[in-house]
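Read off the chains here:
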Amino acid sequence: MASGGGENNTQVYPPSSASQNGAYVTSMQQYKEMHKQSIEDPASFWSKIIEDFGFHFETPPNRDKFLEYNFDVTKGPIDIKWMQGAKTNVCYNVLDRNVKNGLGDNIAFYWEGNDPGDHSTITYGQLLKEVCKFSNVLKSLGVKKGDRVAIYMPMIVELVVAMLACARIGAMHSIVFGGFSADSLAGRMLDAKSAVLITADGVYRGAKLVDLKKISDDAVDVCKTKGFDVSTMVVVRHLGSKSVDNGAEVNSPTPKRPCYSLSTNMVSGRDRWWHEIMEGVSDQCDTEWLDAEDPLFMLYTSGSTGTPKGVVHTQAGYLLYAATTFKYVFDYHPGDIYWCTADVGWITGHSYVVYGPMASGATSVMFEGVPTYPDEGRCWDIVDKYKVNSIYTAPTLIRTLMKYGDAPIKKYSRKSLRVLGTVGEPINPEAWLFYYHKIGDGRSPIVDTFWQTETGGHTMTPLPGATPLKPGSCTFPFFGIEPAVVNDKGEELEGVCEGYLVFKKPWPGVMRTVYGNHPRYEGTYFKQFPGYYKTGDGCRRDEDGYYWITGRMDDMFNVSGHLLSTAEIESALIEHPKVAEAAAVAYPHKTKGECCYSFVTLIEGAEFNETLISELRSHVRTKIGPFAAAEVVHNAPGLPKTRSGKIMRRVLRKIAKNDHDLGDVSTMADSSVVDVLFANRPDVNV
Ligand code: WT7
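Residues numbered from 1 in each chain as written. Predicted model: local features only at pLDDT ≥ 70, side-chain atom pairs only at ≥ 80, totals over all residues. Heavy atoms only, no water.

Among the 19 residues in the neighbourhood of the ligand, the closest are listed as Asp-448, Thr-449, Thr-453, Asp-537 and Arg-552. Glu-425 is positioned such that a nitrogen or oxygen atom in its backbone is 3.3 Å from a nitrogen atom of the ligand. The separation between an oxygen atom of the ligand and a polar side-chain atom of Asp-537 is 2.5 Å. Burial of the ligand by the protein chains amounts to 97% of its free accessible area of 560 Å². The set of elements that each furnish at least two residues to the shell around the ligand consists of helix H12 (347-359), strand E20 (446-449) and strand E25 (547-552). A breakdown of the residues in the shell around the ligand according to their chemical character gives 7 nonpolar, 7 polar and 5 charged. (Near = heavy atom within 4 Å. Polar contact = N/O pair within 3.5 Å; in protein donor to acceptor, adjacent residues only side chain to side chain. Areas by Shrake-Rupley, 256 points an atom, 1.4 Å probe, with all protein chains shown as cover. Helix = DSSP H or I, 4+ residues; strand = E, 2+ residues; numbered from the N terminus. Nonpolar A, V, L, I, M, F, W, Y, C, P; charged D, E, K, R; others polar.)

Spelled out as structure tokens, the structure:
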């Protein structure tokens, strides 16, 4: 849902003196000076950041070779290197360093389970021991530096342990969100050639039981049919099951909720229980000193061709960027309690549940459940329980909560809240105002953070103590980001304008490549506008220089803050034997922001009916994952195409919205199909 550019929102919300008091950045003047230095002299700016945090480098960065890059495809391969030659380790910096600095007894995570009452805590010191043990386990399984380890887990402490253990030994973690299907998991393991998979028996999401082990088994089978063997599956016993050992307690950092309906099947020789394999393993493990530009992890994101891209982030640059954005954007100070509601399976969880907060030695809440279970007040219950100072969530959740009105919010005090964050899609001013007034009681600034899996951390965002806010605007660039707005010829626009949002220089957190496919990296992000990184989003700059994201400019859409490509949905739909052709477009959705509106052309003789619609929906869910619902299915005996046979999605978007003003259709091969489509238009209520 585009924010609409905010023409009707003239009110500006300056930082209150309470927000400014003690903040790291307290004025726009100070922000501008810091931003200027970050662009003009990145080596000095980021060296000072390294010093402020006290990050450990086994071999310090060379000031003269701090940043080397080519950002222009016409001049050669895209190549970005921050601090190359310096040696460090991200796990060491987020764990050992904190413990050495006396934070060993500080709580790293308050783990809050799906069911109220299920909770535990883990300190930095305890976490370090678990991570060392699991690092040793990984080594014993033959995992080496550079190997890709697949992780398909719920929001439990072992997930953090697994990630940091990979980081410690220099293996890349490749986390697949636990809501993806077996096919999606298999596709990602095949692409990354991940021979080791870490998962759990299952998880409750609200009242729903998800059998993660069964999905993992299916995924491994799919890999096998494609000639790839997953050698080891490590399984956390999170629920326990009767078939295993009557759900007896096991020693683990996250409490269990026995579930006797699971019948976890362990394949001998391949599958290992986490608690068994950890038994008796040493809690000491040396860190592997890695080059600043060695890969840290990969994370798949949707690509407009349909196959997901393995976004690769590297060691030192990612660490600096995640740490710095976390510190300044949430204005985190020691002792604060912070909660990011995102799943670690998405980049938001990587950067703002794990790496960013832990680099500051922060205390976070890690929540396993869903925000409306057991009721709509759960989030505020958690905020009051842990006295959360800053919360980071998505517009889709805010819009969901808006439906239930004020009562579930007013039941709780929420008085600890100081900073409210949002991410994932443009926040419409109505949701912004609800967040600000109802949830924050008009006391706390909203940081609307625009960024992407590819950017590693926030790129456009307010700073709570400095930036006057406009509801719906992500305001100004973060340190290191030099934005520009270009037209479709790639010409930079000045002043008030609207066009493509691009970035002119590399920042430390920018992705370095697409795993195994550098040409795709260059083609997707650098080719259309040589010399710039293309975000793929449109934006408007207003008379005060504020940036307003207007949404994706490509064949992608954003469901509840998660990108999907129309191609992915289309290829799932056409797999159905009765479907001859399919086209999907984004459609506005009241709570999810956007949803998928699909047109299907059936084969001769096939009947379009409710059974078929539900088969198609369930197929999309199975292929991609439950969050990828085909909300609307429209019977399309013919699709509008150009003479060269290209589907005219622009026209389909209009038909979906029942908008008869189709614009220029002179290139359309057969315009009679359009009348049929308007006549067939289903009732849409999403
Ligand atoms: C796309 C990236 C970054 C973590 C979550 C999504 C959209 C993200 C905002 C925002 C407007 C936003 C963009 C972007 N987006 N944040 N504050 N305002 N749009 O990561 O799956 O890589 O999606 O999400 O369209 O390109 P992702």
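Having put the structure on the table, let's press on.
Here the focus is the environment of Ala-583. As for its position among the elements, Ala-583 is in strand E28 (residues 579-589). Along the backbone, Ala-583 and Gly-457 are 126 residues apart, and their C-alpha atoms lie at a distance of 33 Å. Ignoring anything within four residues of it in the chain, the contact list for Ala-583 reads Glu-570, Tyr-597, Ser-598, Phe-599, Leu-639, Ile-647 and Leu-652. (Contact = heavy atoms within 4.5 Å.)

Our next topic: the confidence of the model for the protein chain. With 96% of its residues at a pLDDT of 70 or more, the protein chain has an overall mean of 93. The low-confidence segment residues 1-8, where pLDDT is below 50, has 19 contacts with residues more than four positions distant or belonging to other chains. (pLDDT = per-residue confidence, 0-100.)

In terms of nonpolar packing, the biggest core is built from 169 residues, with Leu-127, Phe-134, Ile-198 and Tyr-355 touching the most fellow members. With 11 residues, the top contributor of residues to this core is helix H6 (residues 157-169). Once you skip the residues sitting within four places of it in the chain, Leu-127 turns out to touch Leu-95, Ala-108, Phe-109, Ile-122, Val-157, Val-160, Val-161 and Met-358. Residues Cys-379, Trp-380, Ile-409 and Leu-420 belong to the second largest nonpolar core, which totals 28 residues. (Core = buried A, V, L, I, M, F, W, Y, C linked by side-chain atoms within 4.5 Å. Buried < 20%, exposed > 50% of the residue type's maximum accessible area, 1.4 Å probe, protein only.)

Once that is clear, we can look at helix H14 (residues 395-403). Burial runs high along H14: 7 of the 9 residues are buried. Residues of H14 that are buried: Pro-395, Thr-396, Leu-397, Ile-398, Arg-399, Thr-400 and Leu-401. Those residues of H14 hidden inside the fold are in contact with helix H13 (378-386), strand E18 (390-393), strand E19 (419-423), helix H16 (429-439) and strand E29 (593-602). Downstream of H14 by a residue or two, Gly-405 has a phi angle that is positive, lying close to 75°.

It is worth spelling out empty space enclosed by the protein at this point. Within the structure shown, the criterion is met by 3 cavities of 30 Å³ or more. Reported here for the largest cavity is a volume of approximately 60 Å³. What lines the largest cavity is Trp-111, Asn-114, Asp-115, Asp-118, Tyr-204, His-238, Leu-239, Pro-255, Arg-257 and Glu-368. Approximately 50 Å³ is the volume found for the second largest cavity. Along the walls of the second largest cavity sit Ser-38, Ile-39, Pro-42, Trp-46, Leu-67, Trp-82, Gly-480, Lys-505 and Pro-506, which together make up its complete lining. Across the lining of the second largest cavity, the residue classes tally to 6 nonpolar, 2 polar and 1 charged. (1 Å grid on protein atoms, 1.4 Å probe; cavity = no way out; pocket = protein on both sides within 12 Å on 5 of 7 lines; lining within 4 Å. Points joined across faces, edges and corners; volume = space filled by probe spheres on them.)

With that settled, consider the pattern of salt bridges. Applying the stated criterion across every chain yields a total of 33 salt bridges. The partner of Glu-112 in a salt bridge is Arg-378, and the shortest N-O contact between them spans 2.7 Å. Pair noted here: Glu-112 is in strand E4 (residues 107-112) and Arg-378 is in helix H13, with a separation of 266 residues, a long-range link. In terms of burial, Glu-112 and Arg-378 fall into one category: buried. One salt bridge in this structure joins Glu-631 and Lys-592, with 2.3 Å as the shortest N-O distance. Linking Glu-631 in the loop between helix H19 (610-623) and strand E30 (632-635) with Lys-592 in the loop between E28 and E29, this pair joins segments that are 39 residues apart in sequence. When its relative accessible area of 21% is taken as the criterion, Lys-592 is described as partly exposed. Salt bridges linked by common partners bring Lys-213, Asp-217, Arg-270 and Asp-271 together as one network. (Salt bridge = Lys/Arg side-chain N within 4 Å of Asp/Glu carboxyl O.)

Mapped onto the fold, Ser-390 is located in strand E18. Overall, Ser-390 belongs to the buried group, its relative accessible area being 0%. Here Ser-390 is in contact with Phe-330, Ile-337, Tyr-338, Trp-339 and Val-419, once residues within four sequence places are set aside.

Sheets are built from strands that pair by backbone hydrogen bonding, the pairs being arranged parallel or antiparallel. One open sheet accounts for 4 strands, arranged E21-E22-E24-E25; its pairing is antiparallel. For this open sheet the edge positions go to strand E21 (483-486) and E25, each flanked by a neighbour on one side alone. Taking each pair of neighbouring strands and ignoring which way they run, the sheet shows an average axis angle of 45°. Looking at chain direction, strand E22 (residues 497-503) and strand E24 (residues 533-541) are connected through 6 bridges and run antiparallel. Note that in E24 the partner of Tyr-500 across the bridge is Gly-538. (Pairing = 2+ DSSP bridges. Axes fitted to C-alpha atoms, helices over the stretch in contact; angles between N-to-C directions.)

Domains assigned within the protein chain are domain 1 (17-89 + 294-516 + 534-550), domain 2 (102-112 + 122-288) and domain 3 (560-680). Taken together, the contacts link 38 residues of domain 1 with 37 residues of domain 2. Carbon and sulfur atoms make up 62% of the area that domain 1 and domain 2 hide from each other, which totals about 3700 Å². Considering only the surface of domain 1 that becomes buried against domain 2, Tyr-300, Met-366 and Glu-368 emerge as the three largest contributors, covering 22% of it. Applying the counting criterion to the domain 1 and domain 2 interface returns 3 salt bridges. One salt bridge in this structure joins Lys-145 and Asp-294, with 3.5 Å as the shortest N-O distance. At the junction of domain 1 with domain 2, the criterion picks out 21 residue pairs in polar contact (both at pLDDT 80 or more). Looking at the side of domain 1 that touches domain 2, the elements with two or more residues in it are strand E14 (295-301), H12, strand E17 (363-367) and H13. Looking at the side of domain 1 that touches domain 2 residue by residue, the class counts come to 26 nonpolar, 7 polar and 5 charged. (Domains from an automatic or database assignment. Buried area = accessible area lost by both parts, 1.4 Å probe.)

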